[in-house]
Amino acid sequence: MSHMMTQQDIRTHTIAVLVDNEAGVLARVIGLFSGRGYNIESLTVAEVDTAEHLSRITLVTSGTPMVIEQIKAQLGRLVPVRMVADLTVEGPAVSRELALLKVVGTGEKRVESLRIADIFRANVVDSTNESFVFEIVGKTDKLDAFIKLMEPLGLAEISRTGVAAIARGKDPLL
């Protein structure tokens, strides 16, 4: 009897990939996803070891357990990839994202946007007579909630960093 995959089987995973920092690596990782129809929900990349020329790619994707295993296996087979870790299943991890939001408005909407920003511990990083730029850091769902509340108050523009994540505890990934 075959088991039909349901929406409950699809989970979001945060995957950390340590790669040699060389030209074309990011394009190859992205190509692996697009070539197989996998979606990348969030992607961050930065050099994390200048002496060894290593970069860390943190990506968020969704799929069934089988699809996630395929993604990890295929990432691990790419030549410049040194290590692949699924932070979602390999133990507790900490993840954060940063967003900048431009909110345009006057009067009561302006006051309300400041009140909500205070509740969410967002910082005002730019202010004019008719606009604010808020900086907010937190888990993705916190940012999503803040953005939703700012929409009726004059949300004009959003810039998000994508998820940065790291395993908890004393052991490094490498």
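What you are looking at is a predicted structure, and each value in this text was computed from that prediction instead of being measured.

Regarding the UniProt feature "domain: ACT" (unreviewed entry) in the protein
Taken from the UniProt record, the annotation "domain: ACT" (unreviewed entry) applies to residues 14-92. From the first C-alpha to the last, residues 14-92 spans 12 Å; its make-up is 30% helix and 42% strand.

Remarks on the pairing of strand 5 (residues 93-104)
A regular strand places its side chains on the two faces of the sheet in alternate fashion. Pairing of strand 5 with strand 9 (residues 164-167) involves four bridges; the strand directions are antiparallel. Paired with Ser95 across the two strands is Ala165, which belongs to strand 9. In this structure, strand 5 lies alongside strand 7 (residues 131-138), joined through eight bridges in antiparallel fashion. When the sheet's bridge partners are listed, Val104 is paired in strand 7 with Ser131. Here strand 5 runs beside strand 8 (residues 155-160); their pairing, made up of five bridges, is antiparallel. Bridged to Ala99 within strand 8 is Arg160.

Quick word on the sheet that holds strand 1 (residues 11-20)
If you trace the four strands from one edge of the open sheet to the other, you get 2-3-1-4, paired in antiparallel fashion. In this open sheet, the two strands that pair with only one neighbour each are strand 2 (40-49) and strand 4 (81-86). Averaged over all neighbouring strand pairs, the angle between strand axes comes to 20 degrees, with direction disregarded. Bridging between strand 1 and strand 4 involves five bridges; their strand directions are antiparallel. The partner of Ala16 across the bridge, within strand 4, is Ala85. Across the sheet, helix 2 (residues 65-77) lies against strand 1, strand 3 (54-63) and strand 4, angled at about 160 degrees from strand 4, the strand it touches most.

Observations concerning the packing of aromatic side chains
Tallied over the full model, the rule gives four aromatic pairs. Residues Phe33 and Tyr38 carry aromatic rings whose centres are separated by 6.1 Å and whose planes lie at 80 degrees to one another, so their mutual orientation is edge-to-face. Considered together, Phe33 and Tyr38 belong to a single accessibility category, that of buried residues. Here the guanidinium or amino end of Arg110 rests over the ring plane of Phe132, the centre of that ring lying 4.0 Å away.

Parameters at a glance
- Residues numbered from 1 in each chain as written.
- Predicted model: local features only at pLDDT ≥ 70, side-chain atom pairs only at ≥ 80, totals over all residues.
- Heavy atoms only, no water.
- UniProt positions renumbered as here; feature names shortened; annotations may be inferred.
- Helix = DSSP H or I, 4+ residues; strand = E, 2+ residues; numbered from the N terminus.
- Pairing = 2+ DSSP bridges.
- Axes fitted to C-alpha atoms, helices over the stretch in contact; angles between N-to-C directions.
- Contact = heavy atoms within 4.5 Å.
- Phe/Tyr/Trp six-rings, centres within 6.5 Å; stacked < 30°, edge-to-face > 60°.
- Buried < 20%, exposed > 50% of the residue type's maximum accessible area, 1.4 Å probe, protein only.
- Lys NZ or Arg CZ within 6 Å of the ring centre and 35° of its normal.

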